[in-house]
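Residue-level structural notes
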Amino acid sequence: MEATKARLAGAPEIAMHGLEEQPRGWLSWLTTTDHKRIGAMYLYATFIWFILGGVMALIMRLQLATPDNTLLNGETYNSLVSMHGVTMIFLFIVPVLAGFGNYFVPLMIGARDMAFPRLNALSFWLLVGGGVAFFASIFFEPPQAGWTSYAPLSDDAYSAGGGIDAWIFLVHLTGLSSLLGAINFVATIHNMRAPGMSWGRMPLFIWTILIYSYLLIAALPAIAAAATMLLTDRHFGTGFFNVADGGDPLLWQHLFWFFGHPEVYIMILPAFGMISEILPVFARKPIFGYKAIAASTVAIAFLGLLVWAHHMFTTPTANVVLAFFMLSSFAIAVPTGVKIFNWIATLWRGQIMLKTPLYFAAALPALFVIGGISGIILAVFPVDWQMHDTYFVVAHLHYVLFGGSVFGIFAGLYYWFPKMSGRLLSERLGKLSFWVMFVGFNLTFFVQHSAGMSGMPRRVYRYPDGAGLEAYNLISTIGSFLLGIGVLITVINVIRSVKGGRRAGNDPWKGNTLEWFTQSPPPPNNFDVIPRVRSVEPMKDIRREVQKAGKASETVAQPVTSGTS
Amino acid sequence: MLGLALAALLVLAGPAAADIWSPESGGSPNADKIDTLYKITLFVAIPIFLLVEGTLIWSLVKYRVRRGGQAEQIRGNQPLELGWTVGAAVILVILTVVTFAFLKTITDPERSGPQIADGAQVASIDQPDPPGGGGIRIGVNGQQYLWRYDYGSKNDLFSYNEMVVPTDTTVSLDISSSDVQHSWWIPKLGGKADAVPGHVNETWFKISKPGRYEGQCAELCGANHADMHAVVRAVPPDEFERWARRQRADIKAAREELATTRRAREAEVGR
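Residues numbered from 1 in each chain as written. Chains lettered and ligands numbered in written order. Predicted model: local features only at pLDDT ≥ 70, side-chain atom pairs only at ≥ 80, totals over all residues.

A few words on the overall build of chain B. Looking only at helices and strands, one finds 4 helices and 10 strands in chain B. When the helices and strands of chain B are listed from N to C terminus, the series reads α-α-α-β-β-β-β-β-β-β-β-β-β-α. The burial tally for chain B puts 37% of its 271 residues in the buried class. Taking the contacts inside chain B whose residues are at least 6 apart along the sequence as the reference set, 65% of them involve residues at least 24 apart. (Helix = DSSP H or I, 4+ residues; strand = E, 2+ residues; numbered from the N terminus. Buried ≥ 20, exposed ≤ 12 C-beta atoms within 10 Å, placed from the backbone. Contact = placed C-beta atoms within 7 Å.)

Given 3.6 residues per turn, any residue in an α-helix points the same way as the ones three and four places further on. Residue and element names in this part refer to chain A. The end-to-end C-alpha distance of helix H5 (residues 117–135), which contains 19 residues, comes to 28 Å, matching closely the 27 Å that a straight helix rising 1.5 Å per residue would cover. Among all positions of H5, only Asn120, Ala121, Ser123, Phe124, Leu126, Leu127, Gly130, Gly131 and Phe134 are buried. The inward-facing, buried residues of H5 abut helix H3 (35–64), helix H4 (74–109) and helix H6 (163–191). (Expected span 1.5 Å × (residues − 1).)

Okay, the interface of chain A and chain B next. Every contact between the two is made by 75 residues of chain A and, on the other side, 78 residues of chain B. Elements with a contribution of two residues or more to the side of chain A that touches chain B: H4, helix H8 (249–283), helix H10 (319–347), helix H11 (356–379), helix H12 (381–387), helix H14 (427–453) and helix H15 (470–500) of chain A. Looking at the side of chain A that touches chain B, the element that brings in the most residues is H10 of chain A, giving 12 residues. In the side of chain A that touches chain B, the residues fall into 49 nonpolar, 18 polar and 8 charged. (Nonpolar A, V, L, I, M, F, W, Y, C, P; charged D, E, K, R; others polar.)

The description of two helices packed together rests on the angle between their axes and the distance between the axes. Residue and element names in this part refer to chain A. It is the contact of helix H7 (residues 204–235) with helix H9 (residues 290–304), at a shortest axis distance of 10 Å, that shows an interaxial angle of 10°. Relative to H9, the element H7 lies roughly parallel. Of the two elements, H7 crosses H9, and the hand of that crossing is right-handed. Residues Leu204, Trp207, Thr208, Ile211, Tyr214 and Leu215 of H7 pack against Tyr290, Ile293, Ala294, Thr297, Val298, Ala301 and Gly304 of H9. (Axes fitted to C-alpha atoms, helices over the stretch in contact; angles between N-to-C directions. Parallel < 35°, antiparallel > 145°, perpendicular 65-115°, else oblique. Left-handed = near helix turned anticlockwise from the far one by under 90°.)

What follows deals with the confidence of the model for chain B. Residue and element names in this part refer to chain B. The predicted model of chain B has a mean per-residue pLDDT of 88, with 85% of residues at 70 or higher. Segment residues 117–124 is flagged for pLDDT under 50; beyond a separation of four residues in sequence, or across chains, it makes 13 contacts in the model. Low confidence marks residues 126–132, where pLDDT is under 50. Its contacts with residues over four positions away, or in another chain, come to 21 contacts. What the predictor reports for the complex is a pTM of 0.92 with an ipTM of 0.91. (pLDDT = per-residue confidence, 0-100.)

See below:
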């Protein structure tokens, strides 16, 4: 019945004009529960942390540019190493994905907000609290035990200052933030999808945010427990990680990595989801193997919970245990490979529009496959005995997290910026930014494989002259500054376009998903009419119906504007 | 792009880095075996890498938007998808088999050279022989920021930072820590073994060429982590015996001197 009525009413279209002005000023941002404004605040805050973390990395690269450099001492270097890692992981990649999720989950599933808007605001402000508490440690004593804070180095006997406590604070506050956010995503995605949007019609980005949320719920309690145990070890006389009190430092490693490895997939899956949306739009083709991509997301998440001790191959552990974790790590390569093949098949025989979002999206599989191959090499545990804790691992993790997650995030930024701001980013600056980042990234990290294999451990503040590491490190430092310039170009692009960019219209890319069915930027209530979803590409259906009804296509979607690119 | 980076690297790195694409080896058989295992894995990976990057770049170049062009609306291809899933799994099964074939030669210490049967030349060290027979066992203890090596349990022969060992002899290491975690690593002599408080970790090496083998702590252990270097100096067995005798005598002399000074000071305080 309902379907007939919808047909009689004609094709769905935007019927939303002239809404009351939102309250203005900073107080409106402080009190907002609108998922789009919260999402935007997530993006602003996390990108500021991204810049800060990047500056720390550049200072470290300056120190390592030449052998026996005296720019930094060991303590300062260790502080930078620790803060860079923590900032990028806890304050950038994980929450920036929550930011995109906040902004686009309700829009893509055809909902008017998240399930729990106030909880959503709380999530954001807890994140800010965690970040502020952590960065406040700069004014007394920053943590120096790495992002992993291995006990006993992080115990009070060896890290007496408050830096580790600031880290514990951050873990708890951002952990709570992520946990509440995850519950919110799960509730929203399970209950608030548009009519007709069955599991098999859910956008792949939504699939990955859902799995991201479940992984957070599964993994975060382990680090919350570990951090609390460390806190009581440090201040209340317990000895969970202290051998003299019957504790065991390996317990820390198990608890940390039980969280830490799923965290890796938490950071990469939504980026996979983004490019699974972007590639088909710019190839003008449906995604190749929708079911396989959705299923491989679930498989990666499940296996991702079973691989943690591959970070512990050099600890005193029985070979049979190491063998298990090698096999589980191998197994996870299969669904990951499936995704990469599916993306390439999506581009195959398409009509590829070479816009900036596509550049970043296509770079993800190109770079991630290198991180995947070095991951397989590291999973072979006897080989890992050589590679573990060297620059080979630094290269591997940056190919996965920067080449994978961050290039995906930049693809998402360029893809969705027109929706969020109503303006197009400059294609010229965008492509320039891409190429400078791409070249800089590979210069920085590709040589680090060799540095590691030539005997350079990670987290060293200096290396001796004549050890054969000079060239690698100089190339790496030059590359890192190029990478920084590339990021800066995007920052400039965003600042210039947010007010002065060309008007984007509602649907500049001819997207497949429902966020393109509303205005840019979307009004507070998102949609007046929520269309019935009949396929995995509802916007394609809507455009077709509009054309059939003989209306101008601008009613729902503007045609792709030609010119600048 | 990667080719360019690699070429630049080759030019800049020059002869100093003969081994830019594989781990260090050449000091001990286990390091060589790891190197071989790594190379097999890499050779399996290279065709996959080329296939992925090749088809990706080909697609991006070949299927650029064209006036009047039509994108093929393909939603999937089950045989193809099943094929690459199974294909990936099969490659990993092969890698697993290869790894297990190599594992024993990497973990299990080799026998010492024929001229050192029955541990004859190392009889002065009161440790049980490592499996395989005819070798020595050294305790390695990591401390912020140095390495201590104990030869035998009598506490009469030990050294710091530089470990002297006889060539052609299997050296088994018992690795421990007395403060935070460290990691023992001499790249040319094989993989790492973490020094974890409350645990004893094991590894081994056997050096045939006399010489210095350098390495350093590989687990962040504090402000001077980067300066926690370790050296293994391999010398012919007879020279090792001479070194051990001299070192033992030096330690004894130092202890006696210490005792004398202490007695003198006590006497001074007593007076």
